[in-house]
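# Fold and geometry: a report
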Amino acid sequence: MKNGAYKLKEAASLGDGLDFKAGQDFEVVNEVIYMGGYPLPPHMQPMFYSWMAKNPKLFLSDTRKY
């Protein structure tokens, strides 16, 4: 995944009770995943990064340039 802000197009599940609603925001900065402005815990980073990289069709780019 490239650095930027992303939104889920539709509800999705990462498994193990990690369910997300359509429109959920994710941000990638230097291969670190953020949700709600906060980085995910280190032990969850590889799982989320891999999921996002393998499922790019689930996400819309929401990166804004001013």
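Everything here concerns the structure above.
For clarity, every value in this text was computed on a predicted model and none was experimentally measured.

## Here we look at the pattern of salt bridges
By the definition in use, this model includes 2 salt bridges. Between Asp-25 and Lys-7 there is a salt bridge; the shortest N-O distance is 3.8 Å. Of this pair, Asp-25 sits in strand S4 (residues 25-29) while Lys-7 sits in strand S1 (residues 4-8), and the two are 18 residues apart along the sequence. Classification of Lys-7 by relative accessible area gives partly exposed; the value is 29%. One salt bridge in this structure joins Arg-64 and Asp-62, with 3.3 Å as the shortest N-O distance. Residue classification places Arg-64 among the exposed residues on the basis of a relative accessible area of 54%. Assessed through its relative accessible area of 22%, Asp-62 is described here as partly exposed.

What counts, and at which threshold
- Residues numbered from 1 in each chain as written.
- Predicted model: local features only at pLDDT ≥ 70, side-chain atom pairs only at ≥ 80, totals over all residues.
- Heavy atoms only, no water.
- Salt bridge = Lys/Arg side-chain N within 4 Å of Asp/Glu carboxyl O.
- Helix = DSSP H or I, 4+ residues; strand = E, 2+ residues; numbered from the N terminus.
- Buried < 20%, exposed > 50% of the residue type's maximum accessible area, 1.4 Å probe, protein only.

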